[in-house]
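Here's the letter readout for the chains.
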Protein chains: 2
Amino acid sequence: MVKVKNTTILDAYRGNKTDYTPAWFMRQAGRSQPEYRALKEKYSLFEITHQPELCAYVTRLPVENYGVDAAILYKDIMTPLPAIGVDVEIKSGIGPVIEKPIQTIQDVEKLGEINPSSDVPYVLDTIRLLTEEQLDVPLIGFSGAPFTLASYMIEGGPSKNYTKTKALMYREPKTWFALMDKLASMIIRYVEAQIKAGASAIQIFDSWVGALNVEDYRYFIKPVMTDIFSALKKYDVPLITFGVGASHLLLEWNDLPVDVIGLDWRTSVEEARSLGVTKTLQGNLDPAILLSDWETIEKRTKAILDQGMNTEGYVFNLGHGVTPDIKPETLKRLTDLIHNYSQQK
Amino acid sequence: MVKVKNTTILDAYRGNKTDYTPAWFMRQAGRSQPEYRALKEKYSLFEITHQPELCAYVTRLPVENYGVDAAILYKDIMTPLPAIGVDVEIKSGIGPVIEKPIQTIQDVEKLGEINPSSDVPYVLDTIRLLTEEQLDVPLIGFSGAPFTLASYMIEGGPSKNYTKTKALMYREPKTWFALMDKLASMIIRYVEAQIKAGASAIQIFDSWVGALNVEDYRYFIKPVMTDIFSALKKYDVPLITFGVGASHLLLEWNDLPVDVIGLDWRTSVEEARSLGVTKTLQGNLDPAILLSDWETIEKRTKAILDQGMNTEGYVFNLGHGVTPDIKPETLKRLTDLIHNYSQQK
């Protein structure tokens, strides 16, 4: 039984006014935390994510240390891929590396189905532990989106231009759509299991989809995103979509059956609203600003809050993930600033 | 004395209607050409760029082989940096690497002035050789823009998030603006020398500036870009600005004293026009499409031409550089298609 006490962020996600502006930070759990780095001296990444006690500890640290209004599960977007037959290795300094990239329709047809309770039981156990016993704020579950996952699966690792991914998409649309279907099925099952285990909101990270233009997004991506969000809509949890460098796709996202659009730092809340975006907005302080002096951080944060906090449906976040060089003290001070400033007004 | 016979592209850059749509392709010279790869077996990159005969040969190959309407000098955007005291090494598979990145105001103050005729005589000799003797289409000269050059100088190499660059910009605006001034001075001198040697148009590559939001672009970048283009305005050559992932900055670019805006593939010609962009447009086929089948390439190219070719001031290009895996036959066929299709209509 989920025992969330503070549901402010869920209210904001649903488009309601809240007493103060709730906040969390993408990548709030992980390498920016000294407690995490200490843990990494004893345990591997694999050991941390596969042991619910350890993973729950890392996940709830930012809630305890900074006072953010939600936890987000500590895990990689690659987590579900081995279950469908994709061997992923997270290489330090590189990122996810896939030895046998997807190249043909046969490669796609070989991909299996995920059975979350047997394939990723540790993920679900971590969620239960957190939501049934440890947290008093909502836990956000998540998954990578089809384009972003496919880009790793086709390129074999991180990419700058996604040339192989796009080449397959343009040259073999049947293979592409077959891959999208397989990934949609995996994502839906994986996210459903997270919701049933206790996740109170879901963010779908389509981190790299901004590499596509509007026309290609509409044709190659929008249908599968619509399928995924439609399937998840029956659960009573807010659904969030997010990607970086996707200012040109905001109106396409606004058409999706989602509750919330996550903005990177390139488009402001006001600009998004004036473009015609009607969903709840989440964002969007450039994490690089958190490496600046406090005066600058405060000024920039207030400027963002001034745009978002008096509107219905707004949640503070960064425009991209916390980088390892950002200090915990800064994130604590930032959280306090957001809460205090938005409460006063 | 420059002896250009076919000035169609210059007419289009100046906003005039032309008999057909002129075209060139970013990175048309280099690794996608078998003749270049053969040359690289005998000579190093340094030897090619420093020997005017070799460099001119590589530069004019796409004009001869594909029939494009302009040549663009074969060189790296890092070329002028050693002249002001920045040691750059181009590492295969990585890109430009700078051993001692810029960190302090002292590092910036140490940067010198470029004297193109003694520092990069081979660049000017190559331009003279091409424009006085070899080419019958215009030669486009170019330079990197301050943000893009600064990002390599501060990060020490290519970067994904430009965290150090932004951190310096936010934390030490005085150091930042001092660096912008130094780079502006270098860029103006370097480009002036290219124009005097025979370049008929200038493209300033601000490849990575799309990493900034609108507000930061206005404050930290627009003044220096205005200075550079204003200083170059007195020469009678079209000035082009270009960057990738910068859809959100198009209206800022439209304010600059430039003649042409280069679009990456994310924003179409029609979308740019409906946003209010009034300058000549250049672009914007996604180079990844050139790895597809001819039917797709033809359809996509015609769709772009249908938007651009009957407007005043339009030049076809790709939305980013030619990648090494794109076949020369494809670029030849593409050039023919652009010329024939736009001539018929």
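By the naming in an unreviewed UniProt entry, chain A goes by Uroporphyrinogen decarboxylase and is assigned to Oceanobacillus sojae. Here is the UniProt Sequence similarities (unreviewed entry) comment for chain A, exactly as written: "Belongs to the uroporphyrinogen decarboxylase family."

With that settled, consider the relation of the copies chain A and chain B. Note: a rotation about an axis with an accompanying shift along it relates these two copies of the chain. Rotating chain A by 180 degrees about the axis while translating it 0.0 Å along that axis superimposes it on chain B, leaving an RMSD of 0.0 Å. In symmetry terms, the pair is related by a two-fold rotation axis. No C-alpha of chain A lies nearer the rotation axis than that of Gly 245 of chain A, which sits 3.2 Å from it. A shared binding surface is used by both copies, with 100% of the interface residues of chain A retained as interface residues in chain B.

What follows covers unusual backbone geometry. That bond from Gly 283 of chain A to Asn 284 of chain A is cis: its omega, -10 degrees, falls within 30 degrees of zero. The topology assignment puts Asn 284 of chain A in strand 8 (residues 280–285). Of note, Arg 27 of chain B is a non-glycine position whose phi angle comes to about 55 degrees, a positive value. With respect to the helices and strands, the residue Arg 27 of chain B is situated in the loop between helix 1 (8–13) and helix 2 (34–42). Of note, Tyr 162 of chain B is a non-glycine position whose phi angle comes to about 55 degrees, a positive value. Secondary-structure assignment places Tyr 162 of chain B in the loop between helix 8 (146–155) and helix 9 (163–171).

Glancing now at the interface of chain A and chain B. On the chain B side, the residues contacting the 35 residues of chain A number 35 residues. Summing both partners gives a buried area of about 2,700 Å² for chain A against chain B, and 50% of it is carried by carbon and sulfur. Considering only the side of chain A, the residues that lose the most area to chain B are Tyr 170, Arg 266 and Arg 300 of chain A, jointly responsible for 22% of the buried surface there. At the boundary of chain A with chain B, the tally comes to four salt bridges. With a shortest N-O distance of 2.6 Å, Asp 286 of chain A and Lys 166 of chain B are connected by a salt bridge. Seen at the junction of chain A and chain B, the total is 13 residue pairs in polar contact (both at pLDDT 80 or more). Where the side of chain A that touches chain B is concerned, the elements lending two or more residues are helix 9 (163–171), helix 11 (214–232) and helix 14 (294–308) of chain A. Sort the elements by how many residues they give to the side of chain A that touches chain B and helix 9 of chain A lands first, with five residues. Partitioning the side of chain A that touches chain B into residue classes produces twelve nonpolar, twelve polar and eleven charged.

Residue and element names in this part refer to chain A. Mapped onto this numbering, the UniProt entry annotates "binding site: substrate" (unreviewed entry) at Arg 27, Gln 28, Ala 29, Gly 30, Arg 31, Phe 46, Asp 76, Tyr 152, Ser 207 and His 320. Taking the farthest pair of C-alpha atoms as the criterion, the annotated set spanning 294 residues is dispersed, since that pair is 24.0 Å apart. Among the secondary structure elements, Tyr 152 is positioned in helix 8 (residues 146–155). The contacts of Tyr 152, once residues within four sequence positions are left out, are Ile 77, Met 78, Pro 96, Ile 98, Gly 157, Pro 158 and Trp 208. Looking at where Ser 207 falls in the secondary structure, it is placed in the loop between strand 5 (201–205) and helix 11. Its relative accessible area of 13% is what places Ser 207 among the buried residues. Those residues in contact with Ser 207 that sit more than four places away from it in its chain are Thr 148, Phe 242, Gly 243 and Val 244.

Further remarks concern the pairing of strand 4 (residues 139–144) of chain A. Residue and element names in this part refer to chain A. Across the six residues of strand 4, six count as buried, placing the element largely inside the fold. Residues Leu 139, Gly 141 and Ser 143 of strand 4 are buried on one face, and the alternating residues Ile 140, Phe 142 and Gly 144, pointing to the opposite face, are buried as well. Bridge analysis of strand 1 (residues 71–72) against strand 4 gives two bridges, and the strand direction is parallel. Note on strand 4: the bridge partner recorded for Ala 71 is Leu 139. Pairing of strand 4 with strand 5 involves five bridges; the strand directions are parallel. In the sheet register, Phe 142 faces strand 5, and the bridge partner there is Gln 203.

Turning our eyes to something else, we now look at the sheet that holds strand 4 of chain A. All names here are of chain A. Read from one edge of the open sheet, seven strands run 1-4-5-6-7-8-9, paired in parallel fashion. Two strands in the sheet have a free side with no partner beyond their single neighbour: strand 1 and strand 9 (314–318). Seen against the sheet, helix 11 touches strand 5 and strand 6 (239–242) and runs at an angle of roughly 160 degrees to strand 6.

All right, on to the confidence of the model for chain A then. Looking at chain A as a whole, the pLDDT averages 95, with 99% of positions reaching at least 70. Interface predicted TM-score (ipTM) for the complex: 0.89; the corresponding pTM is 0.93.

Another aspect to go through is the nonpolar core. Ranked by size, the top nonpolar core spans 244 residues in total, and within it Leu 183 of chain A together with Leu 183 of chain B carry the most contacts. Leaving out residues up to four positions away in the same chain, Leu 183 of chain A has contacts with Leu 81, Ile 84, Pro 146, Leu 149, Ala 150 and Met 153 of chain A.

Reading guide: rules and limits
- Residues numbered from 1 in each chain as written.
- Chains lettered and ligands numbered in written order.
- Predicted model: local features only at pLDDT ≥ 70, side-chain atom pairs only at ≥ 80, totals over all residues.
- Heavy atoms only, no water.
- UniProt positions renumbered as here; feature names shortened; annotations may be inferred.
- Least-squares fit on C-alpha atoms with pLDDT ≥ 70 in both.
- Contact = heavy atoms within 4.5 Å.
- Helix = DSSP H or I, 4+ residues; strand = E, 2+ residues; numbered from the N terminus.
- Buried area = accessible area lost by both parts, 1.4 Å probe.
- Salt bridge = Lys/Arg side-chain N within 4 Å of Asp/Glu carboxyl O.
- Polar contact = N/O pair within 3.5 Å; in protein donor to acceptor, adjacent residues only side chain to side chain.
- Nonpolar A, V, L, I, M, F, W, Y, C, P; charged D, E, K, R; others polar.
- Buried < 20%, exposed > 50% of the residue type's maximum accessible area, 1.4 Å probe, protein only.
- Pairing = 2+ DSSP bridges.
- Axes fitted to C-alpha atoms, helices over the stretch in contact; angles between N-to-C directions.
- pLDDT = per-residue confidence, 0-100.
- Core = buried A, V, L, I, M, F, W, Y, C linked by side-chain atoms within 4.5 Å.

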